[in-house]
2 protein chains.
Amino acid sequence: MYSALYNHINRFIDLSTGEQEILAPMLKSFSVKKKAFLLTEGQTCRANYFVAKGCLRLYFIDIKGAEQTTQFAIENWWITDLTSFLFQTPSEFYIQAAEATEVIAIEHHLYDEMFHKLPKLERYFRLILQKNHQASQRRIKFLYSQTAEERFRHFNSLFPEFVQRVPQYMLASYLGFTPEFLSKIRAKK
Amino acid sequence: MYSALYNHINRFIDLSTGEQEILAPMLKSFSVKKKAFLLTEGQTCRANYFVAKGCLRLYFIDIKGAEQTTQFAIENWWITDLTSFLFQTPSEFYIQAAEATEVIAIEHHLYDEMFHKLPKLERYFRLILQKNHQASQRRIKFLYSQTAEERFRHFNSLFPEFVQRVPQYMLASYLGFTPEFLSKIRAKK
DNA sequence: TCCATTTCTTAAACTACATTAAGTTTTTTG
DNA sequence: CAAAAAACTTAATGTAGTTTAAGAAATGGA
C-alpha cells in the first residue's frame, strides 16, 4: 500500500515494521486522474502529497490569465502549498495531475500528531526539506544566470525524458517564458 | 554569547540550559566586517551561518561578470550554500557581509554530531527549513507574476526599512533587474 | 473511426528591460 | 578634511522575449 513511501523514508532513516504500522493509519493512498485537481485557488490545502507514481504540478493563474507552473513533483517527491497547508488558509495555487498519478497523502490534522508519535520523522522531513532548499538555490541561480534559450537547452540536456513527459506549455511557464517562444527555440535546431 | 540563537531556538522548541551547554562547544561566534567574505567562489563552504545582528548576502558572478544576489539574511536567519556545505564541494557562490555583522556558526564537521547529541534540533531545523520553503514558494510566485517595476514597488511596500538598508545594486539584482532600471523606476515618482 | 478538444507552430508587430557610456553624488579612508 | 572609491543617475540605442492571431497537428473520447 505505502511501500513506495516506506522505501523512500528508509533511504534516509531506519523505520521499523512496527513504526510503519504506527504511520500507516495516518496516511491515505489514492489515484488522481490526469488533469484532476488536488487543490484549486481559494481552497485550503488539506494535505502534503507524496508522488508514488506519475506527476503533479503546482501552478497559479497570473494577472493576464496565464497559468504559471512553479513546481513539478514526480516519483518520490513531496508537493504542497506549504503556507496554505501549515496555516490552513486559502491558497492562491492549483495542484493538478499532469499524468495519471498515485498519491500518498498526510493530512493537516494528522501532521503534528505524526511527528509526536514518530519523532524519527523529524529527521526524515528535515533531510527532505534540505534537498528542497538545495533545489531552490540551484533553481534561483539558474533563473538568474541564463537567457530563456539557455535555460531550455540546459534543462533539456539534464532531463530529456521529463521534457517529453509534460506538455510544452507547462514546461515553458516553469522555465519562465511563453509556449510560442519555446516553439521558436525548438525550430532553430 | 549565543543568546540570540538560543532565543530563536526557543521560539520553536524548548531547549534546556543543560542542552544549551551541550550545544555551545559546537558553535562559534564572531564578527564580520562590512564587505568581508565568509565564502568565495571555488572555496568549500565551511559552516551554516546564523545572523545575530547585521546582514549577510549570498551572490554569484554571472557570465557577463555581474553580481547576482540570490539571498539576504538579516537577524535570526540562517544562510549558507547548502550544497557546498553538506557535501563539502567547491562553491559557485560568495557570502559577504552587507553590513558589520555578528555571526554564530555551526561547522560542517560538527553538524551531524549536533543532531546526534541533540536530536531535538532535528525539529528546530525542520521548522526553519519549512519557513525557508514557504519563502521560496512565495519568491518564485512573486518573480513569475509581476513586472520588474511591480516587483520593486511591492518589495518596497513590504520592507521599506530593508530597502534603505542595502545598496540599490544589491537589491536590483535580488529583484532580477539592473541598477540602471531601478534608478529609472525611482525617478518616475 | 471520426469529431472535438487540446497542444503546437509560425510570423509580424511590439515592448519591457538591458547595454553603454558619461556625469553626479555619496561614502569611505588615510 | 581632502582625495579616492563606491554608488547612483540620465539618456540614447539595442534586443530578447511577448503579444496577437491564425492555422496545423496531435490526442482523446464516444
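Please read all numbers here as calculations on a predicted model, not as lab measurements. (Residues numbered from 1 in each chain as written. Chains lettered and ligands numbered in written order. Predicted model: local features only at pLDDT ≥ 70, side-chain atom pairs only at ≥ 80, totals over all residues. Heavy atoms only, no water.)

A.B. asks: Explain the UniProt feature "domain: Cyclic nucleotide-binding" (unreviewed entry) in chain A to me, please; I cannot follow it from the model alone.
C.D. replies: UniProt records the feature "domain: Cyclic nucleotide-binding" (unreviewed entry) at residues 31-115 of chain A, using the numbering of this structure. Summarising residues 31-115 of chain A: 16% helix, 45% strand, and an end-to-end C-alpha distance of 25 Å. (UniProt positions renumbered as here; feature names shortened; annotations may be inferred. Helix = DSSP H or I, 4+ residues; strand = E, 2+ residues; numbered from the N terminus.)

A.B. asks: What exactly am I supposed to notice about the packing of helix α5 (residues 120-145) of chain A against helix α5 (residues 120-145) of chain B here?
C.D. replies: Axis angle and axis distance: for two packed helices, these are the angle between their axes and the distance between the axes, and together they describe the pair. Two numbers describe how α5(A) lies on α5(B): the axes approach to 9 Å, and their chain directions differ by 30°. As summarised for this structure, α5(A) and α5(B) are arranged roughly parallel, according to the angle between their axes. The hand of the α5(A)/α5(B) crossing is left-handed. Counted by class, the contact of α5(A) with α5(B) contains 10 nonpolar, eight polar and eight charged residues. (Axes fitted to C-alpha atoms, helices over the stretch in contact; angles between N-to-C directions. Parallel < 35°, antiparallel > 145°, perpendicular 65-115°, else oblique. Left-handed = near helix turned anticlockwise from the far one by under 90°. Nonpolar A, V, L, I, M, F, W, Y, C, P; charged D, E, K, R; others polar.)

A.B. asks: Sorry if this is basic, but what is going on with the relation of the copies chain A and chain B here?
C.D. replies: What connects the two chain copies is a rotation about an axis and a shift along it. Between chain A and chain B, the superposition needs a rotation of 180° and an axial shift of 0.0 Å, giving an RMSD of 0.0 Å. These values place the two chain copies in the arrangement generated by a two-fold rotation axis. The rotation axis passes nearest to the C-alpha of R126(A) in chain A, at a distance of 2.2 Å. Both copies share a contact surface, since 100% of the interface residues of chain A are interface residues in chain B too. (Least-squares fit on C-alpha atoms with pLDDT ≥ 70 in both. Contact = heavy atoms within 4.5 Å.)

A.B. asks: Please clarify how the sheet that holds strand β4 (residues 56-61) of chain B should be interpreted in this entry.
C.D. replies: Strand pairing within a sheet occurs via backbone hydrogen bonds; the two strands may be parallel or antiparallel. Residue and element names in this part refer to chain B. Across the sheet, which stays open at both edges, the four strands sit in the order β2-β7-β4-β5 with antiparallel pairing between neighbours. At either margin of the open sheet sits one strand with a lone partner, and together these are β2 (37-39) and β5 (67-73). Taken over all neighbouring pairs, the strand axes of this sheet differ in orientation by 30° on average, direction set aside. Pairing analysis gives four bridges linking β4 to strand β7 (residues 94-97), with the strands arranged antiparallel. Each bridged residue has a counterpart across the sheet, and for Y59 the counterpart in β7 is Y94. In the packing of helix α8 (residues 168-175) onto the sheet, the strands contacted are β4 and β5, and the crossing angle to β5 comes to about 95°. (Pairing = 2+ DSSP bridges.)

A.B. asks: For this particular structure, what's the right way to read the sheet that holds strand β2 (residues 37-39) of chain A?
C.D. replies: Read across the sheet, four strands follow the order β2-β7-β4-β5 (chain A) without closing on themselves; strand pairing throughout is antiparallel. Among the strands making up the open sheet, the edge pair consists of β2 and β5 (67-73) of chain A. Strand-to-strand twist of the sheet, defined as the mean angle between neighbouring strand axes without regard to direction, takes the value 30°. The sheet contact formed by strand β4 (residues 56-61) of chain A and β5(A) spans six bridges and is antiparallel. Bridge pairing in β5(A) places R57(A) opposite F72(A). Taken strand by strand, α5(B) contacts β4 and β5 of chain A, and its axis lies near 145° from that of β5(A).

A.B. asks: Sorry if this is basic, but what is going on with the protein's contact with DNA strand C here?
C.D. replies: Taken together, 17 residues surround DNA strand C, and among them Q168(A), S183(A), K64(B), A148(B) and T178(B) come closest. Within 4 Å of the protein, the contacting atoms of DNA strand C are 76% sugar and phosphate, with bases supplying the remainder. K35(A) is positioned with one of its side-chain polar atoms (N or O) 3.4 Å from a sugar or linking oxygen of DNA strand C. Within the backbone of A148(B), one N or O atom sits 2.7 Å away from a phosphate oxygen of DNA strand C. (Near = heavy atom within 4 Å. Polar contact = N/O pair within 3.5 Å; in protein donor to acceptor, adjacent residues only side chain to side chain.)

A.B. asks: I keep staring at the interface of chain A and chain B and nothing clicks. Help me out?
C.D. replies: A common measure of how large an interface is: the accessible area buried when the components associate. With 39 residues of chain A at the contact, the number on the chain B side is 39 residues. Between chain A and chain B, the buried area comes to about 3500 Å², and carbon and sulfur atoms account for 58% of it. The tally of links from chain A across to chain B stands at six salt bridges. Of all the elements in the fold, those that place two or more residues in the side of chain A that touches chain B are β4, β5, α3 (82-87), α4 (108-117), α5 and α8 (168-175) of chain A. A per-element tally of the side of chain A that touches chain B places α5(A) first, with 17 residues. Across the side of chain A that touches chain B, the residue classes tally to 16 nonpolar, 15 polar and eight charged. (Buried area = accessible area lost by both parts, 1.4 Å probe. Salt bridge = Lys/Arg side-chain N within 4 Å of Asp/Glu carboxyl O.)

A.B. asks: Just checking my understanding: could you explain the protein's contact with DNA strand D for this structure?
C.D. replies: Around DNA strand D, a shell composed of 16 residues is seen, among which K64(A), A148(A), T178(A), Q168(B) and S183(B) lie nearest. Taking the atoms of DNA strand D that fall within 4 Å of the protein, sugar and phosphate contribute 76% of them. Within the side chain of K35(B), an N or O atom sits 3.2 Å from a sugar or linking oxygen of DNA strand D. At 2.4 Å from a phosphate oxygen of DNA strand D is found a side-chain nitrogen or oxygen belonging to S183(B). When contributions to the surface near DNA strand D are tallied by element, the ones reaching two or more residues are α9 (179-188) of chain A together with α8 and α9 (179-188) of chain B.

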